[in-house]
Amino acid sequence: MTVPLAGSPGAAASAAGVTHDAGLHDPAQTLPTLRLDGAIWLASDLHLSAGMPATREAFLAFLELAADNATALLLPGDLFDAWVGDDVVDAPPPWLADVLDGLARCGKRIALWIGHGNRDFLMGEKLARRIGAQLLPEIVRIQAPGGAFLLCHGDELCTEDVAYQDFRKQVRDAAWQAAFLARPLAEREAIADGMRRDSQQEQQGKAPEIMDVSQSAVEALLQRHGATRLIHGHTHRPDRHVFMVAGRRCERWVLPDWDLDTRGATRGGWLIADEDGLALNDIELAD
Ligand code: LP5
Ligand code: MN
């Protein structure tokens with residue numbers, strides 16, 4: 001599958017199919033743009049790990065379904081429960097080797113794009129090469145057959161969760177990441193486990209509203225880029241929201257998180273963007 005280019009890209013960006021166009025309403029605000037044809041499938045927040053075998057199996061089956069039916073698969077973040085550095089692909093544990101092989105099979109058949117979430121922002125080019133994928137920019141405009149939409153993980157829009165935004169700033173700092181990546185793998189895994197535990201504990205004390213995206217941040221993003229549709233994950237609140245921004249009807253689509261391992265849980269699904277527009281598919285209804 002070829003990825004046609006929009007606008008007039010620089011050489012490096014054009015190789016990845018991403019270009020920079022001037023924001024439609026504010027020329028100072030540029031946004032990478034990815035033009036895709038056919039049926040685009042999107043899924044996020046799989047949180048794959050050794051301890052989630054049923055979720056992993058469902059995801060592997062989903063990858064085959066996507067390769068059979070889609071022209072592109074976009075995975076905008078939290079594919080993994082924690083990603084501590086691309087060197088894990090040198091000697092992956094068996095569960096991860098299965099996932100990488102499944103992704104690589106998919107990446108050979110359709111265009112595969114992976115984006116950073118708040119748990120796997122250390123995914124890099126080495127992983128992307130291993131699975132035949134390309135890395136999505138943090139926020140990207142997708143020009144799809146049914147119209148354009150913005151795509152991001154969603155954590156950057158949770159602006160009222162100030163403790164998280166401080167944490168995010170810290171761990172996205174390049175020097176901080178370099179120091180982390182210089183540590184031995186086992187040590188990094190232990191730090192990530194500790195962060196996950198701390199995060200779960202911290203969330204007990206947070207009001208649910210602050211862990212959702214802020215409406216003002218969403219509206220500002222859409223306005224800044226002259227867009228009317230946004231797709232994101234992260235909040236684990238799959239839905240479609242319709243609202244007006246400066247007299248224009250806007251939509252915000254939230255991707256579902258996946259969990260087929262926790263007792264009683266059958267969570268998961270994906271979004272299809274094609275010439276008919278956008279539609280959410282629940283994994284429970286998708287046999
Ligand atoms: O992940 P989720 O959905 O449960 O919760 C998120 C926010 N939590 C996080 C933390 C991650 O879960 C931790 C896993 C990271 C694995 C990466 C490994 C590689 C790390 C390498 C770094 C270079 O993202 C949670 C939000 C929630 O979403 C809803 O939006 O509330 O935010 C938090 O819980 C963060 C706390 O509120 C703040 C933590 C304070 C610690 C500050 C110290 C900063 C310096 C870090 C030093 C270790
Ligand atoms: Mn997330």
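1. Re the overall build of the protein chain
Line of reasoning, step 1. In terms of helices and strands, the protein chain carries eight helices and 13 strands.
Line of reasoning, step 2. In the protein chain, which comprises 287 residues, the proportion classed as buried is 35%.
Line of reasoning, step 3. Of the contacts formed within the protein chain by residues at least 6 apart in sequence, a portion of 68% connects residues at least 24 apart.

2. Here's the deal with the site of ligand 1
Line of reasoning, step 1. Every one of the 25 residues lining ligand 1 counts as a neighbour, but Asn-118, Ala-163, Tyr-164, Met-195 and Ser-199 are closest to it.
Line of reasoning, step 2. Breaking the shell around ligand 1 down by element, the ones donating at least two residues are helix 5 (162–171), helix 6 (174–181) and helix 7 (185–204).
Line of reasoning, step 3. The leading source of residues in the shell around ligand 1 is helix 7, at seven residues.
Line of reasoning, step 4. Here the residues of the shell around ligand 1 are counted per class, giving 13 nonpolar, five polar and seven charged.

3. Description of the sheet that holds strand 12 (residues 269–274)
Line of reasoning, step 1. Spatial ordering of the open sheet is given by 6-5-4-3-12-13, a layout of six strands whose pairing is mixed. Of all strands in the sheet, those bounded by a partner on one side alone are strand 6 (134–135) and strand 13 (277–282).

4. Examining unusual backbone geometry
Line of reasoning, step 1. At His-47, a residue that is not glycine, the phi angle is positive and equals roughly 55°.
Line of reasoning, step 2. Owing to 22 C-beta atoms within 10 Å, His-47 belongs among the buried residues under this scheme.
Line of reasoning, step 3. The backbone phi angle of His-234 is positive, close to 75°, even though this residue is not glycine.
Line of reasoning, step 4. Counting through the fold element by element, His-234 comes out in the loop between strand 9 (229–232) and strand 10 (239–245).
Line of reasoning, step 5. With 26 C-beta atoms counted inside 10 Å, the residue His-234 sits in the buried group.

5. Concerning the nonpolar core
Line of reasoning, step 1. Formed by 64 residues in total, the largest nonpolar core has its most connected members in Ile-40, Leu-42 and Leu-73.
Line of reasoning, step 2. The dominant element in this core, judged by the number of residues it contributes, is helix 2 (residues 53–69), at five residues.
Line of reasoning, step 3. Discounting residues that sit within four places of it in the chain, Leu-42 has contacts with Leu-74, Pro-76, Ile-231, Leu-255, Trp-270, Leu-271 and Ala-273.

6. A word on the packing of helix 2 against helix 3 (residues 94–109)
Line of reasoning, step 1. Between helix 2 and helix 3, whose axes approach to 9 Å, the crossing angle comes to 10°. Regarding the angle of helix 2 to helix 3, the classification is roughly parallel. Contacts between helix 2 and helix 3 involve Arg-56, Leu-60, Leu-63, Ala-66 and Ala-67 from the former and Trp-95, Asp-98, Val-99, Gly-102, Leu-103, Arg-105, Cys-106 and Arg-109 from the latter.
Line of reasoning, step 2. For the contact of helix 2 with helix 3, the per-class residue count stands at eight nonpolar, one polar and four charged.

7. Notes on helix 2
Line of reasoning, step 1. For helix 2, with 17 residues, the first-to-last C-alpha span of 24 Å sits near the 24 Å given by 1.5 Å per residue.
Line of reasoning, step 2. When we look at burial in helix 2, the residues that qualify are Thr-55, Arg-56, Ala-58, Phe-59, Phe-62, Leu-63 and Ala-66. The buried residues of helix 2 occupy an angular sector of 160° when projected down its axis, which confines them to one face.
Line of reasoning, step 3. Packed against the buried residues of helix 2 are strand 3 (40–42), strand 4 (72–75), helix 3 and strand 12.

8. Section: the environment of Ile-131
Line of reasoning, step 1. By the secondary structure assignment, Ile-131 is in helix 4 (residues 125–131).
Line of reasoning, step 2. By C-beta crowding, Ile-131 is classed as buried, having 20 other C-beta atoms within 10 Å.
Line of reasoning, step 3. If near-sequence neighbours (up to four positions away) are discounted, Ile-131 is found in contact with Leu-100, Leu-103, Ala-104, Gly-107 and Leu-112.

Rules behind the numbers
Residues numbered from 1 in each chain as written. Chains lettered and ligands numbered in written order. Predicted model: local features only at pLDDT ≥ 70, side-chain atom pairs only at ≥ 80, totals over all residues. Helix = DSSP H or I, 4+ residues; strand = E, 2+ residues; numbered from the N terminus. Buried ≥ 20, exposed ≤ 12 C-beta atoms within 10 Å, placed from the backbone. Contact = placed C-beta atoms within 7 Å. Near = placed C-beta within 6 Å. Nonpolar A, V, L, I, M, F, W, Y, C, P; charged D, E, K, R; others polar. Pairing = 2+ DSSP bridges. Core = buried A, V, L, I, M, F, W, Y, C linked by C-beta atoms within 7 Å. Axes fitted to C-alpha atoms, helices over the stretch in contact; angles between N-to-C directions. Parallel < 35°, antiparallel > 145°, perpendicular 65-115°, else oblique. Expected span 1.5 Å × (residues − 1). Arc of directions from axis to C-beta.

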